[in-house]
Amino acid sequence: MEGIKGVLIGRDMLLKKAEELGTQISRDYREKELVLVGVLKGGFVFLADLMRHITIPVDMDFISVSSYGHSTRSSGVVRIIKDIDINITGKHVLIVEDLVDTGLTLKHLKELLNTRGPLSVRICTALDKPSRRKVEIEVEYKGIVIPDEFVVGYGLDYGGKYRNLPDLCTLDPKACKK
Ligand code: PRP
Ligand code: MN
Ligand code: MG
């Protein structure tokens, strides 16, 4: 695709990770009331893959937050655009993200959801970029660790584009105006 340099993580490996994590989650939450909370926009592709590998009944909802805007670097400002509709009091919550970068989005989200009386709040992410972490955050279900390179595809965007790429790709620097 125009603006893309190459594939960093192929769709097969991404799907295999979703399957692995789905199996583990199904085991850990057996006979528990679990709510999956997908973080829009980026988290929806992984959530769709992950939930189809979960073999226990689960409820799900979306929350929409944004921290990046139209830049390739995190601004550190987390904004809630759309909240979940489900009542999570007395339920187990699993936040599903595409990427943990600085950790600011998830730290904020976890704190927010914890004020609503859930039995637990854990985090599941498809991708982890630990080299860029600004705040300490526990990630219970971690997919693939990636280097500090700007990536798009599999739900991740640059300026709103490229979320539809099935593979995780690196950007062509020529297409990347900072
Ligand atoms: C990206 C990504 C994560 C977050 C991670 O979302 O999808 O949600 O940043 O960054 P952090 O760990 O530094 O907080 P973004 O804010 O770009 O919104 P989007 O999902 O709508 O693209
Ligand atoms: Mn996001
Ligand atoms: Mg984004």
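You'll find the structure just up there.
The rules behind these values
Residues numbered from 1 in each chain as written. Chains lettered and ligands numbered in written order. Predicted model: local features only at pLDDT ≥ 70, side-chain atom pairs only at ≥ 80, totals over all residues. Heavy atoms only, no water. Helix = DSSP H or I, 4+ residues; strand = E, 2+ residues; numbered from the N terminus. Contact = heavy atoms within 4.5 Å. Axes fitted to C-alpha atoms, helices over the stretch in contact; angles between N-to-C directions. Parallel < 35°, antiparallel > 145°, perpendicular 65-115°, else oblique. Left-handed = near helix turned anticlockwise from the far one by under 90°. Core = buried A, V, L, I, M, F, W, Y, C linked by side-chain atoms within 4.5 Å. Buried < 20%, exposed > 50% of the residue type's maximum accessible area, 1.4 Å probe, protein only. Near = heavy atom within 4 Å. Polar contact = N/O pair within 3.5 Å; in protein donor to acceptor, adjacent residues only side chain to side chain. Areas by Shrake-Rupley, 256 points an atom, 1.4 Å probe, with all protein chains shown as cover. Nonpolar A, V, L, I, M, F, W, Y, C, P; charged D, E, K, R; others polar. Salt bridge = Lys/Arg side-chain N within 4 Å of Asp/Glu carboxyl O. Pairing = 2+ DSSP bridges. Expected span 1.5 Å × (residues − 1). Arc of directions from axis to C-beta.

## Points about the environment of leucine 50
Residue placement: leucine 50 occurs in helix H2 (residues 44-51). Leaving out residues up to four positions away in the same chain, leucine 50 has contacts with Ala18, Leu21, Gly22, Ile25, Val96 and Cys124.

## Description of the packing of helix H1 (residues 11-28) against H2
Two numbers describe how H1 lies on H2: the axes approach to 8 Å, and their chain directions differ by 60°. The pairing of H1 with H2 is recorded here as oblique in orientation. As H1 runs across H2, the sense of the crossing is right-handed. Mapping the contact onto sequence places Leu15, Ala18, Leu21, Gly22 and Ile25 in H1 and Phe46, Asp49 and Leu50 in H2.

## Some remarks on the nonpolar core
Grouped together as the largest cluster of nonpolar side chains are 27 residues, with contacts concentrated most on Ile25, Phe46 and Leu127. Elements that contribute at least two residues to this core include exactly H1, strand S2 (34-40), H2, strand S5 (92-100), strand S6 (120-128) and strand S7 (141-145). Here phenylalanine 46 is in contact with Ala18, Leu21, Val96, Glu97, Cys124, Thr125, Ala126 and Tyr154, once residues within four sequence places are set aside. The next biggest cluster of nonpolar side chains, apart from the first, holds 19 residues, and it includes Val39, Val93, Ile95 and Ile137.

## Some words on the site of ligand 1
Around ligand 1 sit 18 residues, and of these Glu97, Asp98, Thr102, Gly103 and Thr105 come closest. Taking arginine 163, its side chain carries an N or O atom lying 2.9 Å from an oxygen atom of ligand 1. Starting from 490 Å² of accessible surface for ligand 1 in isolation, the protein chains cover 93%. Secondary structure elements with two or more residues in the shell around ligand 1: S5 and helix H3 (104-114). Here the shell around ligand 1 is composed, by residue class, of five nonpolar, seven polar and six charged.

## A few points about the pattern of salt bridges
Enumeration over the complete set of coordinates arrives at 15 salt bridges. The partner of lysine 17 in a salt bridge is glutamate 20, with the nearest N and O atoms 2.9 Å apart. Placement of both lysine 17 and glutamate 20 in helix H1 is noted, with a separation of three residues, approximately one turn of the helix. Relative accessible area serves as the criterion here: at 22%, lysine 17 is assigned to the partly exposed category. Classification of glutamate 20 as partly exposed rests on a relative accessible area of 40%. When the shortest N-O distance is used, the salt bridge between glutamate 140 and lysine 110 registers 3.9 Å. Separated by 30 residues along the polypeptide, glutamate 140 in the loop between S6 and S7 and lysine 110 in helix H3 bring together distant segments of the chain. Classification of lysine 110 as buried rests on a relative accessible area of 18%. Residues joined by salt bridges that share partners form a network here, namely Asp61, Lys82 and Asp85.

## Some details on the sheet that holds strand S1 (residues 4-9)
With antiparallel pairing, three strands are arranged side by side in an open sheet as S1-S9-S8. Only two strands of the sheet have a single neighbouring strand rather than two, namely S1 and strand S8 (151-152). As paired elements, S1 and strand S9 (residues 168-171) share four bridges and run antiparallel to each other. Along S9, the bridge assignment pairs valine 7 with cysteine 169.

## Topic: H1
The terminal C-alpha atoms of H1 lie 26 Å apart, and with 18 residues this matches the ideal 26 Å at 1.5 Å per residue to within 8%. Leu14, Ala18, Leu21, Gly22, Ile25 and Ser26 are the residues of H1 that are buried. Around the axis of H1, the buried residues are gathered within 140° of arc, so they sit on the same side. In H1, the exposed positions angled more than 90 degrees off the buried face are occupied by Asp12, Lys16 and Arg27.

Read these as geometric descriptors, not functional statements.
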